[in-house]
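Secondary and tertiary structure notes
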Amino acid sequence: GSCSVAGHLSFFTKVCYGIGGVPNQVASSAIAFYLQLFLLDVAQIPAAQVSLVLFGGKVSGAAADPLAGFLINRSRRTGSGRLMPWVLGCTPFLTLAYFFLWFLPPFTSLRGLWYTTLYCLFQALATFFQVPYTALTMLLTPSPRERDSATAYRMTMEMAGTLMGAAVHGLIVSGAHGSHRCEEAMLPGQVAVFPNATRLYPIAAAVVAVTYPVCSSLLCLGVKERPDPSAPASGQGLSFLAGLGLTVRHPPYLKLVISFLFISAAVQVEQSYLVLFCTHASRLHDHVQSLVLTILISAVLSTPMWEWVLQRFGKRMSAFGICGMVPFAILLAAVPTAPVAYVVAFVSGISIAVSLLLPWSMLPDVVDDFQLQHQHGPGLETIFYSSYVFFTKLSGAGALGISTLSLDFAGYESGACKQAEQVVVTLKVLIGAVPTCMILTGLCILMVGPAPKVPAQDSSRSLRR
């Protein structure tokens, strides 16, 4: 049957490969939605320090990216391959770092330092897990079609992981952020400390942390890494910086990266502040849980629809789908009621799906376009991919850092029940005006100039099939 085809991957292998991507997505989605809320209201760290924690972590993750690429290219093959030992080696440390990130240390004065250190450690380790894991695609099989299929499995699993992460974490801690805690402490300015939060957050952390050892052992069992025939050619030819210099001088790539810098930063700001806004700025804190779920479910369900739209109407037309978020985000800031919030959450999910899907489907075209103009060997696609991740992490770090600082200037009080009026206004600006400007800027850049040329694309596609 089809198994005789060279390089064919079994369904089991693809599923196990996809499962390997789950833990990082579960963890990062729990962090994206809840870490800021946890640091401000449970650990009760001043907003300025929280911005330092979030910024520092993202920067260390970004810095670890070229470093991981460099070290992994230099590493020798072992019995289980060249990439697998990195994935397995990071697992125990990642599990611990993630757990302690949600743990309340007994001291209060140095808490900011504790969370900064752990978040930086976690982000760096997660990068050292993710880089070899994504590079594994190239070593699963020589067949491009099977690789595309494995990537589709990975994307589906990762989407499911993102959904699970926020859902599981949110369900466990939902008791900690109930509205009842504020009726007891009605005096304005009085801080409501709620004991069950200190118990619930570590439980949620433990549940999420367990996915690392479970999933990476499944990955190891189900996936065999083929020895790479072009091993000397793949990494040693160019250093990361030399490769980066080449890729950054390629105009289509530069345009793609800059436009998605703005777009991904906007999406990250939107995600982070939707939870905070609903907890404080409006009478929505009983709905936070279901709003986060609405966003994620609509993102997962609309992904196949966007795949079809991309094929049917082209990639540049699909980019306008990201605009869907704009009028609704402004509407939520203006009319913060529950029905509006659900509509906004649903539309945001659809927009987030495009903003995640588009760059990964445009990157291969840019890489093809680059390969046609410069006759370089393989190995550069890893530089395109890792530098793209590097830039988006940096942009997210900057956006989140600056926006949390603006909360601090507005006088955000950690753990307070009722925030001052100007804090509420700041949150409205952060959820309405800021993402809007960034998304529109990003789309303008994306639309300027010609699309990357991919000649003979159809012939190569038909040959693959």
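In what follows, the structure referred to is the one given above.
Read on for an overview of the structure. Position numbers for residues count from 1 along each chain, tracking the sequence in the order it is written. Per-residue local features of the predicted model are confined to residues with pLDDT of at least 70, and side-chain atom pairs are confined, for both listing and counting, to 80 or more; whole-chain, interface and lining totals are unaffected and use all residues. Side-chain descriptors were evaluated using all non-hydrogen atoms of the structure, hydrogens and water having been removed beforehand.

A closer look at the overall build of the protein
Our working definition: Only runs of H or I of at least four residues qualify as helices and only runs of E of at least two qualify as strands under DSSP, and these elements are numbered from the N terminus. The rule is simple: take the accessible area with a 1.4 Å probe, protein chains only, and divide by the maximum for that residue type; under 20% is buried, over 50% is exposed, in between is partly exposed. The contact criterion used is simple: two residues touch if any of their non-hydrogen atoms lie within 4.5 Å. For the accessible areas, the method is Shrake-Rupley and the probe is 1.4 Å, while residue cover comes only from the protein chains on display.
When helices and strands are tallied, the protein shows 20 helices and zero strands. By the burial criterion, 54% of the 465 residues in the protein qualify as buried. Taking the intrachain contacts of the protein between residues at least 6 apart in sequence as the baseline, contacts between residues at least 24 apart amount to 84%. Accessible area of the protein: about 19800 Å², with a carbon and sulfur share of 71%.

Observations regarding a nonpolar patch on the surface
Filter applied, for reference: Each patch is built from residues that are more than 30% exposed by relative accessible area and take part in no salt bridge. Like charges join if they lie within 9 Å; nonpolar side chains (Val, Leu, Ile, Met, Phe, Trp, Tyr) join within 5 Å. What makes a salt bridge here is a side-chain nitrogen of Lys or Arg within 4 Å of a carboxyl oxygen of Asp or Glu, nothing more.
Together, Met164, Val168, Ile203 and Val207 make up an exposed nonpolar region whose accessible area comes to about 290 Å². Those elements that provide at least two residues to the nonpolar patch are helix 6 (144-173) and helix 8 (195-209). One can find methionine 164 in helix 6. Judged by relative accessible area, which is 40%, methionine 164 ranks as partly exposed.

What about the side chain of serine 51?
The cut-off we apply is this: Throughout this description, a polar contact denotes any pair of N or O atoms lying within 3.5 Å of each other; where both atoms belong to protein, one of them has to be capable of donating a hydrogen while the other can accept it, and for residues adjacent in sequence the pair is counted only when both atoms sit in side chains.
Residue placement: serine 51 occurs in helix 3 (residues 47-74). Within the local environment of serine 51, its side chain forms a polar contact with the backbone oxygen of alanine 48, the two atoms lying 2.8 Å apart. For serine 51, the residues in contact, after removing those within four places along its chain, are Gly401, Thr404 and Leu405.

Side note on the nonpolar core
Going by this rule: Here, the term nonpolar core denotes a set of buried Ala, Val, Leu, Ile, Met, Phe, Trp, Tyr and Cys residues that are joined through side-chain atoms within 4.5 Å.
Among the nonpolar cores identified, the biggest contains 130 residues, and Tyr98, Trp102 and Phe122 are the most heavily contacted of them. Those residues in contact with tryptophan 102, other than ones at most four positions away along the chain, are Ala30, Ile31, Tyr34, Leu35, Phe38, His169, Tyr201, Pro202 and Ala205.

Examining helix 19 (residues 433-447)
To keep things clear, this is the line we draw: Expected helix span is taken as 1.5 Å per residue step, with the number of steps being one fewer than the number of residues.
For helix 19, built from 15 residues, the straight-helix expectation of 21 Å at 1.5 Å per residue is met to within 8% by its first-to-last C-alpha distance of 22 Å. Among all positions in helix 19, only Pro435, Thr436, Met438, Ile439, Gly442, Leu443 and Leu446 are buried.

Quick look at the packing of aromatic side chains
To keep things clear, this is the line we draw: What counts as a ring pair is set by centres within 6.5 Å for rings of Phe, Tyr and Trp (its six-membered ring), and what kind of pair is set by the plane angle: stacked under 30 degrees, edge-to-face over 60, tilted for all other angles. Whether a charge lies above a ring is judged from NZ of Lys or CZ of Arg, which has to be within 6 Å of the ring centre and within 35 degrees of the ring normal.
Overall, the coordinates contain 20 aromatic pairs when judged by the stated rule. Ring geometry for phenylalanine 99 against phenylalanine 103: centres 6.3 Å apart, planes inclined by 40 degrees, an arrangement best described as tilted. Summarising the aromatic geometry, the rings of phenylalanine 107 and tryptophan 114 are spaced 6.0 Å apart at their centres and angled 80 degrees between planes, so their arrangement reads as edge-to-face. Residue classification places phenylalanine 107 among the partly exposed residues on the basis of a relative accessible area of 34%. One aromatic cluster in this structure is built from Phe38, Tyr98, Trp102, Tyr115, Phe122 and Tyr201. Positioned over the ring face of phenylalanine 313 is arginine 312, at 5.2 Å from the centre of the ring.

Things to note about the side chain of threonine 13
Within the secondary structure layout, threonine 13 lies in helix 1 (residues 11-20). For threonine 13, a relative accessible area of 15% puts it in the buried group. Not counting the four nearest positions on each side in its chain, threonine 13 is found in contact with Gly222 and Val223.

Things to note about the environment of arginine 316
As for its position among the elements, arginine 316 is in helix 14 (residues 315-318). For arginine 316, a relative accessible area of 25% puts it in the partly exposed group. Setting aside anything within four residues of it in sequence, one finds arginine 316 in contact with Lys255, Leu446, Met447, Val448, Gly449, Pro450 and Ala451. Of the polar contacts made by the side chain of arginine 316, one reaches the backbone oxygen of leucine 446; its length is 3.3 Å.

Considering the environment of glycine 56
Mapped onto the secondary structure, glycine 56 falls in helix 3. In this structure glycine 56 comes out as buried when scored by relative accessible area, which is 18%.

So, helix 12 (residues 251-280)
Its 30 residues give helix 12 an end-to-end C-alpha distance of 43 Å, which sits within 8% of 44 Å, the value for a rise of 1.5 Å per residue. Extensive coverage of helix 12 is indicated by the burial of 25 of its 30 residues.

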